[in-house]
Amino acid sequence: MGTSHPHDLPLPDTAAGREGLQALLRAPRRSVIALDFDGTLADIVPDPDQARAHPAAVPALAALAPQVASVAVVTGRPAGVAVRHGGFAGVPGLEHLVVLGHYGAERWDAVTGHVHAPAEHPGVAAVRAELPGFLDSIGAWQGTWIEEKGRALAVHTRRAADPAAAFATLREPLAELAQQHGLIVEPGRAVLELRPPGMDKGVALTEYLAETGAEAVLYAGDDLGDLAAYAAVEKLRTDGTPGLLVCSGSAEVPELAARADLVLAGPAAVADFLARLAAVLREASEEA
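Small disclaimer: the values here were computed from a predicted structure and weren't measured.

What follows is about the overall build of the protein chain. Scanning the protein chain from N- to C-terminus turns up nine helices and 12 strands. Taking 19 Å as the expected radius of gyration for a compact globule of 288 residues, we find that the protein chain reaches 19 Å, a close match to that expectation. Taken along its principal axes, the extent of the C-alpha atoms in the protein chain is 65 × 40 × 35 Å. Counting all 288 residues of the protein chain, 53% fall into the buried class. Here the contacts in the protein chain between residues at least 6 apart in sequence split such that 65% fall between residues at least 24 apart.

This part covers the sheet that holds strand β1 (residues 31-35). In spatial order, the strands read β5-β4-β3-β2-β1-β10-β11-β12; together these eight strands make up an open sheet with mixed pairing. Both edges of this open sheet fall to β5 (114-116) and β12 (262-264), since each of them pairs with a single strand only. Averaged over all pairs of adjacent strands, the angle between strand axes in this sheet comes to 20°, irrespective of strand direction.

Turning our attention to the pairing of strand β7 (residues 153-156). Within a regular strand, the side chains alternate between the two sheet faces. Burial along β7 is two-sided: the face carrying L153 and V155 and the face carrying A154 and H156 are both buried. Relative to β7, strand β6 (residues 145-148) runs antiparallel, the two being bridged by four bridges. If you follow E147 over to β7, its bridge partner there is A154. Where β6 folds back onto β7 in an antiparallel hairpin, the turn is made up of four residues, including G150, whose phi is positive at roughly 80°.

Judged by pairing direction, the sheet is antiparallel, and its four strands sit side by side in the order β6-β7-β9-β8 without closing on themselves. Of all strands in the sheet, those bounded by a partner on one side alone are β6 and β8 (184-188). Averaged over all pairs of adjacent strands, the angle between their axes in this sheet comes to 25°, without regard to strand direction. Contacts from helix α4 (residues 122-137) reach β6, β7 and β9 (191-195) within the one sheet, and its direction differs from that of β7 by about 20°. Set on the sheet, helix α5 (residues 163-180) makes contact with β7, β8 and β9; between it and β9 the angle comes to about 5°.

Now for the confidence of the model for the protein chain. Overall, the prediction assigns the protein chain a mean pLDDT of 93, with 97% of residues at 70 or greater. Every residue in residues 1-6 is under pLDDT 50, and counting partners more than four places away or in other chains gives 18 contacts.

This next bit is on the packing of helix α2 (residues 57-64) against helix α9 (residues 267-287). It is the contact of α2 with α9, at a shortest axis distance of 8 Å, that shows an interaxial angle of 25°. Classified by the interaxial angle, the pair formed by α2 and α9 is roughly parallel. Read as a crossing pair, α2 and α9 show a hand that is left-handed. Taking contact as the criterion, the partners of A57, A60, L61, A63 and L64 in α2 are, on α9, A271, L274, A275, L277, A278 and L281.

A few words now on α5. Each α-helix winds once per 3.6 residues, and so residues spaced three or four apart point in a common direction. The end-to-end C-alpha distance of α5, which contains 18 residues, comes to 25 Å, matching closely the 26 Å that a straight helix rising 1.5 Å per residue would cover. Along α5, the sharpest kink reaches roughly 35°, centred on R171 and followed within four residues by the proline P173.

Judged by nonpolar contacts, the single largest core of 43 residues is most densely connected at I33, F88, L274 and L277. It is α9 that contributes the most residues to this core, eight residues altogether. Every residue in contact with I33, bar those within four places of it in the chain, is listed here: L24, L64, V68, S70, V71, A72, L218, L274 and L277. Of all hydrophobic cores here, the second largest spans 22 residues; its members include L205, L209, C247 and L256.

Criteria and cut-off values
Residues numbered from 1 in each chain as written. Predicted model: local features only at pLDDT ≥ 70, side-chain atom pairs only at ≥ 80, totals over all residues. Heavy atoms only, no water. Helix = DSSP H or I, 4+ residues; strand = E, 2+ residues; numbered from the N terminus. Rg over C-alpha atoms; globule rule 2.2 N^0.38 Å. Buried < 20%, exposed > 50% of the residue type's maximum accessible area, 1.4 Å probe, protein only. Contact = heavy atoms within 4.5 Å. Pairing = 2+ DSSP bridges. Axes fitted to C-alpha atoms, helices over the stretch in contact; angles between N-to-C directions. pLDDT = per-residue confidence, 0-100. Parallel < 35°, antiparallel > 145°, perpendicular 65-115°, else oblique. Left-handed = near helix turned anticlockwise from the far one by under 90°. Expected span 1.5 Å × (residues − 1). Bend = angle between axes of the 7 residues up to and from the residue. Core = buried A, V, L, I, M, F, W, Y, C linked by side-chain atoms within 4.5 Å.

Take a look at the structure:
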C-alpha cells in the first residue's frame, strides 16, 4: 500500500506510477480513467449475476468523470450486463461514460445508450452445445457451473469442494476444447472463460486511448485478464505516455499486485480513491 500523498491521495510505490499520477493531476482534461468491473468496481460474489457496483463506486465515478477527458469501464462481461449491474445508465455526471464489453468486442456509449457489437463467433455456439456433456464426460460437473456470457462461456469452479484443484484439472481440457473451435481460454479468479481470440483488455484500452488522444491514463483491475491492460500501459509508458496501474487488492492474483504501482484493498478502497481524486481535481479547478 502506498504512503500518504500531500493531497490525501495514497502515493504510488513506483517512480513510473508517481509520474503517472502527477501527469493526471497536471492535465486531467487530457487523461483517461479506465477500470475493470468485477473485483474492481464490484465485489466478487459466488454468483456473478448477483454482482453489483459497490454503493460508493458510481457516485465516485460521477464526481470524477466531469473532471477528466473520459471514464471507461473495460470488462469481460457483455457491455449491456455491465451497464445494468453497474447502474451506469442515466447517472448525472456519467453522460459520456463508455463501457467496453467482451474485452472490447462490444461498446456501450452513454451518449446513445446503445450497444455496438459484431456477429457471434461460430465457435461459441458449438462450445455452448458441447460444454455440459464435456464437463460430465471428464468428471468435472460436480461443483462447477457454466455462465452464459453471450459471446463467450465461462466455467466457474468457486463452488467446488476444492476450487483451485478443479481449476487446475479443467484448464488443459478446456483449452483443447476451445482450440478445436477456434476459441481461446482466458483464466481468471476460479473461472475459465472460453472466448474468441483477437481482443483483450490491452487491445481495447490501446485503441480507446488512441481514439481519445489521451496524454495520461489510470488503469485499475484485479484479475489475470487485466494483465493485458497492464502490459498496454507499460508499453505506453515506454513510448512517453505516463500511466498509473492500480490493483484492486486480491491475494488470489499476486501477479497483478506485483506489477501494480498502487495496491488498494478492494472495490471499497478503489471507490474511495476515485472520490478523493475527484475532490483534488475539483479543488484545483476552482483555484485555477
